[in-house]
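Residues per chain, in single letters:
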Amino acid sequence: MNILLLGSGGREHALAWKMKKSPLCDQLFIAPGNAGTALVGTNLALSATDFPAVGKACLDHHISLLVVGPEEPLVKGIVDYFKANHPQIPVIGPSAFGAQLEGSKAFAKAFMERHGIPTAAYREFSNDNFDEGIAYIRQHTLPIVLKADGLAAGKGVLILNDHEEAVKEFTDMIRAAKFGAAGNKVVIEQFLSGIEMSVFVLTDGAHYVLLPSAKDYKRIGEGDTGLNTGGMGAISPVPFADEAFMNKVIDRVVEPTIHGLSVEEIDYTGFVFVGLIKVGDDPYVIEYNCRMGDPETEVVMPRLASDLVAHLLAAVNGELANEVVLHDERIACTVMAVSGGYPGDYEKGKTISGLNQAIPDSSLLFHAGTAAKNGAIVTNGGRVLCVSSYGNDISAAVSQSKKVLAGIHFDGMYYRQDIGYEFK
Ligand code: AMP
Ligand code: GLY
């Protein structure tokens, strides 16, 4: 069958690489893709949020499965659009209603509350109860967590150690639209202290399978310092997520989540990315995303030993109950190279050299923000490319990735040296 994958990041290169290995996949198209996905399939120059154009591309290329990588088209309703206009083409992703698990923090918190899923205590405020919000902040313990309700490009969460600063930020969100409409509603929640990890679930709305788990490294600087980024690296499996902990995750989080989707009849076929924090020995949900993580996918796909396309087909056919997911027992780590200045301002269009070096069998190069230009490959985003490597331990895998990165160059290139540092 022919498959169309939407998106253009490292996540999409890793998904494309994995899907192309499947005997079920004939032609693979990626829209808009990057210079890496062009090596695995055919890029189509169209926007993932231009639904009529995506629909037309599906008809033109005889697509039998549409896989949506990023959240934006999901939150904007691509699944609903296809159900209404191209019901014969199954889509991996939730309806716009289901995508609110990611698209609205207030929706996600209320969902967790209804289904008894452990998460930080919270209250929700808007212009209607603004004064109450101010009073709530002033009596709240520190640190205090403020979350813009809607999608805010990863910038909508503030962790503050001062009541007056929190009052100011809260006011800016609600009264001055600091995060645009995303901040019309603000969730204020208790700060949880612990170590984070990402759990990936594929669901058909009633049943589920677990993919390998991962831990990502969000901060720009060594030792998890500096500004938040989209993700500077990831490891899988997660050393502290032993069987006892994962059983708690399944019993307290994954099963109630899928049960909740099912009993509330939420139209949801696709990935649920559960961002967890381990507090003591117990899992709490920090957030849901309605898609795979990036750069987690760049370690999760290498560790998926079974056929991704077969799993996706089982999901769209409502047959996940009998699906068996096989994990590669090796450790995988990825290290992300970013543009100088990222996550602040950075320049694009820098020529990337060293991409043709011979890469060891135990490493994979995934492109993120890259583009082909006049016969060269140039930078086209903040996160540019990553190298994922297998190893017998985290140190070996990370060293291997760094060795490959040392042979690649672009002006301003930066990557963290210490991915996986807590576990070495
Ligand atoms: P989110 O955008 O929801 O992923 O939040 C961004 C980051 O903020 C998370 O990855 C956590 O590191 C942190 N965070 C969010 N909520 C909390 C919380 N209740 N307690 C502690 N840290 C949090
Ligand atoms: N790596 C975190 C995310 O994809 O949201």
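Novice: What's the story with empty space enclosed by the protein in this structure? I'm lost.
Specialist: Over the atoms rolls a probe the size of a water molecule, and in doing so it shows where empty space is left. Throughout the structure, instances matching the rule amount to one cavity of 30 Å³ or more. Going through the elements one at a time, α6 (96-103), α7 (105-114), β9 (186-190) and β17 (282-289) are the ones with two or more residues in the lining of the largest cavity. It is α7 that contributes the most residues to the lining of the largest cavity, four residues altogether. Looking at the lining of the largest cavity residue by residue, the class counts come to six nonpolar, no polar and six charged.

Novice: Help me understand the site of ligand 2, please; the structure alone is not making it clear to me.
Specialist: Around ligand 2, a shell composed of Asp216, Gly230, Phe273, Arg291, Gly293, Asp294, Pro295 and Glu296 is seen. The separation between an oxygen atom of ligand 2 and a polar main-chain atom of aspartate 294 is 2.9 Å. Between ligand 2 and the protein, one listed contact pairs a nitrogen atom with a side-chain N or O atom of glutamate 296 at 2.7 Å. Coverage of ligand 2 by the protein amounts to 88% of the 200 Å² it exposes when considered alone. Partitioning the shell around ligand 2 into residue classes produces two nonpolar, two polar and four charged.

Novice: What is the right way to read the environment of valine 325 from this model?
Specialist: Here valine 325 lies in the loop between α12 (308-316) and β18 (331-338). Sequence separation between valine 325 and aspartate 242 is 83 residues; the distance between their C-alpha atoms is 18 Å. Setting aside residues no more than four positions away along its own chain, valine 325 makes contact with Val209, Leu210, Leu211, Leu304, Ser306 and His311.

Novice: Would you take a moment to explain the site of ligand 1 for this structure?
Specialist: Taken together, 14 residues lie around ligand 1, and Glu189, Gln190, Leu192, Glu196 and Glu287 are the ones closest in. Glutamate 287 has a polar side-chain atom sitting 2.8 Å from an oxygen atom of ligand 1. If ligand 1 stood free it would expose 470 Å²; the protein chains cover 89% of that surface. Across the shell around ligand 1, the residue classes tally to seven nonpolar, one polar and six charged.

Novice: Explain the side chain of aspartate 216 to me, please; I cannot follow it from the model alone.
Specialist: Along the polypeptide, aspartate 216 turns up in strand β12 (residues 215-216). At 3.4 Å, the side chain of aspartate 216 forms a polar contact with the side chain of lysine 218. Non-local contacts of aspartate 216, meaning those with residues more than four positions away in its chain, are made with Gly230, Gly231, Gly233, Ala234, Pro295 and Glu296.

Novice: Honestly, the packing of helix α8 (residues 130-138) against helix α9 (residues 163-175) in this entry has me stumped. Any pointers?
Specialist: Relative placement of two packed helices is described by the angle separating their axes and the distance separating the axes. Running from N to C, α8 and α9 cross one another at 155°; their axes reach a closest spacing of 9 Å. On the basis of the axis angle, α8 is roughly antiparallel to α9. In this structure, the crossing between α8 and α9 has a hand that is right-handed. Listed contacts from α9 to Phe130, Gly133, Ile134, Ile137 and Arg138 of α8 are His163, Glu164, Ala166, Val167, Phe170, Thr171, Ile174 and Arg175. The residue makeup of the contact of α8 with α9, split by class, is seven nonpolar, three polar and three charged.

Novice: What's the story with the environment of asparagine 127 in this structure? I'm lost.
Specialist: When you line up the elements, asparagine 127 lands in the loop between β6 (122-125) and α8. Residue asparagine 127 is classed as partly exposed on the basis of its relative accessible area of 46%. Spatially, the C-alpha atom of asparagine 127 lies 7.7 Å from that of lysine 185, the residues being 58 residues apart in sequence. Engagement of the side chain of asparagine 127 in a polar contact is seen with the side chain of arginine 175, the distance being 3.0 Å.

Novice: Quick question: what am I supposed to make of unusual backbone geometry here?
Specialist: What you tend to see is this: most non-glycine residues have negative phi, and most peptide bonds are trans. Geometrically, the link from leucine 142 to proline 143 is a cis peptide bond, its omega value of -10° lying close to zero. By the secondary structure assignment, proline 143 is in the loop between α8 and β7 (144-148). The peptide bond linking tyrosine 342 to proline 343 adopts the cis configuration, its omega dihedral lying at 10°. Structurally, proline 343 is set in the loop between β18 and β19 (363-367).

Thresholds, definitions, all that
- Residues numbered from 1 in each chain as written.
- Chains lettered and ligands numbered in written order.
- Predicted model: local features only at pLDDT ≥ 70, side-chain atom pairs only at ≥ 80, totals over all residues.
- Heavy atoms only, no water.
- 1 Å grid on protein atoms, 1.4 Å probe; cavity = no way out; pocket = protein on both sides within 12 Å on 5 of 7 lines; lining within 4 Å.
- Points joined across faces, edges and corners; volume = space filled by probe spheres on them.
- Helix = DSSP H or I, 4+ residues; strand = E, 2+ residues; numbered from the N terminus.
- Nonpolar A, V, L, I, M, F, W, Y, C, P; charged D, E, K, R; others polar.
- Near = heavy atom within 4 Å.
- Polar contact = N/O pair within 3.5 Å; in protein donor to acceptor, adjacent residues only side chain to side chain.
- Areas by Shrake-Rupley, 256 points an atom, 1.4 Å probe, with all protein chains shown as cover.
- Contact = heavy atoms within 4.5 Å.
- Axes fitted to C-alpha atoms, helices over the stretch in contact; angles between N-to-C directions.
- Parallel < 35°, antiparallel > 145°, perpendicular 65-115°, else oblique.
- Left-handed = near helix turned anticlockwise from the far one by under 90°.
- Buried < 20%, exposed > 50% of the residue type's maximum accessible area, 1.4 Å probe, protein only.

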